[in-house]
Amino acid sequence: MQHPPKIAPKRGPRTRLRLLVVLACLVLAAAFVLLLPLIRARFPADRGIVSPRGSAVRTLYLGDEAQLDSITISQLGANSFTLRMRDGAAYLERDGQLLEADQELAAEIIEAVTQVVMQDTVAETADEVSEHLADMGLNPPQASAVARYHDGSEITLEIGYTVPNTSYAYCRWSGGDGVFMCDSGIVDALYTSASRLLPVTQPTVASSLIDRLTLETPDSRMDIVFSAGADGLISAALTAPYHYPLEGSRTSALLTALDSFRLGTREAVLTPDNRAAYGFDAPLCTVTLHQAAGYTTVVDDSGQLALDSRPEQTLSFCIGRAEGDYFYTCEYQGACYLISRFIVETLAEAAPEKLVTRYPADLGDALLKDVQIDAPSGTFTVHATRTERVLPNNAIETDQNGQTVYDTDVTLNGEPIGEDVFDALAARLRALNVSGSLPPDWALPEGAQPRWRIVLVTEGGVRRVVEAYRMDAFADALYVDGTALHYAHSEAIDLALGDLAAQ
């Protein structure tokens, strides 16, 4: 049965009014969400400080840098200092002398006081917020700068505390009576210390020329020697507290830390009275490195590779203590500096057990030339002969990485074998790892003979000897170049040999 169409009821005035009220509330709610960050900045909850009025960035003053004579920086609770302008450069005035200053840092200070730009306005006159000036850190100011010009004029810039929920700081200047907000650039400039302005002369470290390194920590002294083989690859070994090869990645990490060593901010000249304050009475680590005379490759001003001659030298520096999450204090040539923790943490946290290798038959990227294995299953002597591959134009062939391509002939006990067999053996030797550390009271039984022995020689002339002595039914004590630190599972030699016995 067909029904007549339903007719929607007409909306009355009250219904329309309710819809308008709902829509208005939604619009106001959205506007509140969008403006919430600005509201928080303008109406800070803590200290009861008056909120700013207006939001436009304002340029209060533009000075002529060329006419600037001096800038005096004062920080609450610290000594003030003065920068003097001479011939377009800034100098730090100290004890009646003008010292060279870091020109980049000086330029930041000069820009802050000659280009006074405010991000917001708190009050047009200080009288409006006079009862809150101390809460803002402006009575007295936390830091100030007085810029003086050759014509005798001067301006003063003052900063206070950080504005809640913003990156700005409260600020005043002598050219007006208002209270403003300045950005972090002005804050950083006025909080620059005199010590930061003194340029830092960096030590010149060339990791490729380092041949000796001593690390002294509260727990041990580590003497390390670095050796470059005929193939140019660098290996390292502990010589104290015992003789043992370093793990390849640890060697690279140490050299990278030394090569990247850079002094940061200069904090103070050290005296017997202030050494303890920087942690040098009980330092984390003392580093002494010897660098042989030689040549390193550098990039010259034209962008070309060039050889740079380096003299023999010995460098020493001391890592005092952690300074926050990102820095250590560092003593170098009688002064304290801040240095990056990320760069030198490898040195500060070094320990013999962290440095030595746990892969005794792994010689890194060095090419093996001779391998001799005396095992329960027999003796295996492997020799590899490599010949550079020459192109038709008599040039040496290289791969996509620029490495020389070789033709390799391999023999096992005097008989030819495939290069793939040799590569597989080398990979298994690199993977041979220890199972744990020997007990402190373990001693080699008198008259004991090695159960198996591996002698490795690289193309660069590096030699490594690994000997295994029966420890118990399941493990062998490993002597690496004459020192025993670890043990390996008794089946380790079988895994290293693989199917070599079947060749």
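Since we're looking at a predicted model, the values are computed, not measured. Sequence order as written defines the numbering, with residues in each chain counted from 1. This being a predicted model, a pLDDT of at least 70 is required before a residue's local features are given, and a value of 80 or more before pairs of side-chain atoms are given or counted; all residues contribute to the totals for chains, interfaces and linings. To get the side-chain values, all heavy atoms of the structure are used, and hydrogens and water are removed first.

### Thoughts on the overall build of the protein chain
- The secondary structure listing takes helices from DSSP runs of H or I that are at least 4 residues long and strands from runs of E that are at least 2 residues long, numbered from the N terminus. Helix and strand counts for the protein chain stand at 9 helices and 31 strands.
- Within the protein chain, the proportion of its 503 residues that are buried is 40%.
- Note on contacts: a residue pair is in contact if any heavy atoms of the two residues lie within 4.5 Å. Contacts spanning at least 24 positions in sequence make up 60% of the contacts within the protein chain whose residues lie at least 6 apart.
- Carbon and sulfur atoms make up 51% of the accessible area of the protein chain, which totals about 27,700 Å². With a 1.4 Å probe rolled over the protein chains alone, any residue whose accessible area is under 20% of its type maximum counts as buried; one over 50% counts as exposed, and the rest are partly exposed. Shrake-Rupley sampling with a 1.4 Å probe provides the accessible areas, and residues are treated as covered by the protein chains on show and by no other component.

### Focus: the sheet that holds strand β4 (residues 89-94)
- Between any two strands, at least two bridges found by DSSP are needed for them to pair. On the basis of which strands lie adjacent, the open sheet formed by 9 strands has the order β5-β4-β3-β2-β8-β9-β10-β11-β7 and antiparallel pairing. The outermost strands of the open sheet, each flanked by one partner alone, are β5 (97-100) and β7 (120-123). When strand polarity is set aside, the average angle formed by the axes of neighbouring strands in this sheet is 30°.
- Two elements, strand β9 (residues 154-162) and strand β10 (residues 169-173), share 4 bridges in a ladder whose sense is antiparallel. Across the sheet, residue glutamate 158 finds its bridge partner in β10, namely arginine 172. Each axis is a line fitted through C-alpha atoms, taken for helices only over the stretch in contact, and angles between the N-to-C directions span 0 to 180 degrees.

### Observations concerning helix α8 (residues 419-431)
- Multiply 1.5 Å by the residue count of a helix minus one, and that product is the helix's expected span. The first and last C-alpha atoms of α8 sit 19 Å apart over 13 residues, in line with the 18 Å expected at 1.5 Å per residue.
- When α8 is considered as a whole, its buried residues turn out to be Val421, Phe422, Leu425, Ala426 and Leu429. The buried residues of α8 occupy an angular sector of 135° when projected down its axis, which confines them to one face.
- Each element contacted by the buried residues of α8 is listed here: β23 (368-375), β24 (378-388), β25 (406-412), β26 (415-417), β28 (452-458) and α9 (492-497). Arc definition: it is the arc formed by the directions from the helix axis to the C-beta atoms.

### Some details on the layout of surface pockets
- Both cavities and pockets are sets of points on a 1 Å grid over the protein atoms alone; in a cavity a 1.4 Å probe fits but cannot get out, in a pocket the set is open with protein on both sides within 12 Å along at least five of seven lines, and lining residues sit with an atom within 4 Å of a point. Grid points are joined across faces, edges and corners, and a volume is the space filled by probe spheres set on the points. By volume, the largest pocket is sized at about 460 Å³.
- Lining the largest pocket are 23 residues, and of these Ile234, Ser235, Gly248, Leu363 and Gly364 lie nearest its centre.
- Of all the elements in the fold, those that place two or more residues in the lining of the largest pocket are β14 (234-240) and α5 (248-259).
- Per-element tally for the lining of the largest pocket: the top contributor is α5, with 4 residues.
- Asp, Glu, Lys and Arg are counted as charged, while Ala, Val, Leu, Ile, Met, Phe, Trp, Tyr, Cys and Pro are counted as nonpolar; the rest, among them Gly, fall into the polar class. Residues that form the lining of the largest pocket fall into these classes: 10 nonpolar, 8 polar and 5 charged.
- The computed volume of the second largest pocket comes to approximately 220 Å³.

### Brief notes about the confidence of the model for the protein chain
- For every residue, the predictor states its confidence as a pLDDT score lying anywhere from 0 to 100. On average, residues of the protein chain score 86 in pLDDT, and 88% of them reach the 70 mark or higher.
- Within the model, pLDDT remains below 50 along residues 1-17, and this stretch shows 2 contacts once partners closer than five positions in the same chain are excluded.
- In this model residues 19-54 is a low-confidence stretch, pLDDT under 50, and it forms 46 contacts with partners more than four residues away in sequence or in other chains.

### Points about the packing of α5 against helix α6 (residues 341-348)
- Across the interface, α5 lies against α6 with an axial gap of 9 Å and an inter-helix angle of 130°. Put simply, α5 runs oblique to α6. Our pair here, α5 against α6, has a crossing hand that is left-handed. Taking contact as the criterion, the partners of Ala253, Leu254, Ala257 and Leu258 in α5 are, on α6, Ile343, Thr346 and Leu347.
- For the contact of α5 with α6, the class distribution of residues is 6 nonpolar, 1 polar and no charged. The scheme is simple: roughly parallel for angles under 35 degrees, roughly antiparallel for over 145, roughly perpendicular for 65 to 115, oblique for anything else. The sense of a crossing depends on the near helix, which, turned anticlockwise from the far helix by less than a right angle, makes the crossing left-handed and, turned clockwise, makes it right-handed.

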